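Understanding the architecture of this molecule
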Amino acid sequence: MSASGGTRAIVAALGANLAIAVSKFVAFLFSGSSSMLAEAVHSLADSGNQFLLLLGGKKAQREATPQHPFGYGRERYIYAFLVSIVLFSVGGMFAVYEGYEKIRHPHELEHWYWPVGVLVFAIIAEGFSFRTAIKESNELRGKLSWTQFIRRAKAPELPVVLLEDFGALIGLVLALGGVGLALITGDGIWDGIGTLCIGILLILIALVLAAETKSLLLGEAAGVDDVKKIEAAIVDGNTVTGIIHMRTLHLGPEELLIAAKIAVQHDDTAAEVAHAINAAEARIREAVPIARVIYLEPDIYSEAEAAKGPDREATPGGPTPTQPTGH
């Protein structure tokens, strides 16, 4: 995923959220609307989230060190996970608490035109930010559905901004509905109900973000298309006759580690095997440019060993001989 595209979406969202947060706090001070306060805190939390994403992108650019030989690419995943925590705690839980209190102790809205005007402005500003995120995502999404794009994306920035902006727009509609019903009925409880709905929505979005970024932190393999390209690039049909097994791992959104045991001819010389490995690495990097770290181990292919199937105990994280293998 393009880092520049993610940065543009983050900056657009940051500018929109800062302006919206200020306007919502002003509206809350004049009207006393709990929906406005919840939305103001939500926008402030979103602004902080955008700062976290930018900070994570900056830290991920550091050069590899002896202590961290594979670099700092996963910093972007860590800061994206922090975003989900902030959205859950500061945004969602605060809104739930504020809505609960407003339902228990409702009061009539004052200066109703402030919250209504600010909400309309916020919907326009968030719509601009959401449009930017959609535009940047469409350049990378291809034929994937939006759900598939969010689940399969290896760079966290665009999915995070997409979900945040989507949640913000729905939240603004809920806030507008709560304020509108409070004005029509004269009962401030509707403002509290709108606030409570906003909090539940933010918590659900935060849980989705947490689940997706947790998967990235644990380490995801290359996408299906990239795996096919890598497999095609490794085998030359001459010296490298096949792939015995292969593992791929994203060290960061634009950094891929590849480790494979490759089959070579029994009577190949060491020089021929070394040349074949170097050529295979060059083909892999040409086919998948984000392949930064490549380890190829030559071996003699055995039909008898292949017939036994994969050795689960040799897989990192797999069961050991003393552990049960499942039900």
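These lines cover the structure that appears in this document, whether it is placed above or below. Since we're looking at a predicted model, the values are computed, not measured. (Residues numbered from 1 in each chain as written. Predicted model: local features only at pLDDT ≥ 70, side-chain atom pairs only at ≥ 80, totals over all residues. Heavy atoms only, no water.)

**Here we look at the packing of aromatic side chains**
For the structure on display, the rule yields three aromatic pairs. Aromatic pair F30 and W114: ring centres 4.5 Å apart, planes at 10°, arrangement stacked. Note that F30 is positioned in helix α1 (residues 3-31) and W114 in helix α4 (residues 113-141), a separation of 84 residues in sequence. Residue F30 is classed as partly exposed on the basis of its relative accessible area, which comes to 41%. With relative accessibility at 31%, the residue W114 sits in the partly exposed group. An angle of 85° between the planes, with centres 6.1 Å apart, marks the rings of W146 and F149 as edge-to-face. (Phe/Tyr/Trp six-rings, centres within 6.5 Å; stacked < 30°, edge-to-face > 60°. Helix = DSSP H or I, 4+ residues; strand = E, 2+ residues; numbered from the N terminus. Buried < 20%, exposed > 50% of the residue type's maximum accessible area, 1.4 Å probe, protein only.)

**What to know about the pattern of salt bridges**
For the structure on display, the rule yields nine salt bridges. Residue R76 pairs with E254 through a salt bridge whose shortest N-O separation is 2.8 Å. Residue R76 is found in helix α3 (residues 75-104), and its partner E254 is found in the loop between β1 (240-252) and β2 (255-264); the two are separated by 178 residues along the sequence. The exposure class of R76 is buried, given its relative accessible area of 9%. With a closest N to O distance of 3.8 Å, K261 and E297 form a salt bridge. Linking K261 in strand β2 with E297 in strand β3 (residues 291-300), this pair joins segments that are 36 residues apart in sequence. Overall, K261 belongs to the buried group, its relative accessible area being 18%. Residue classification places E297 among the partly exposed residues on the basis of a relative accessible area of 44%. Within the structure, one salt-bridge network assembled from shared partners comprises R76, E157 and E254. (Salt bridge = Lys/Arg side-chain N within 4 Å of Asp/Glu carboxyl O.)

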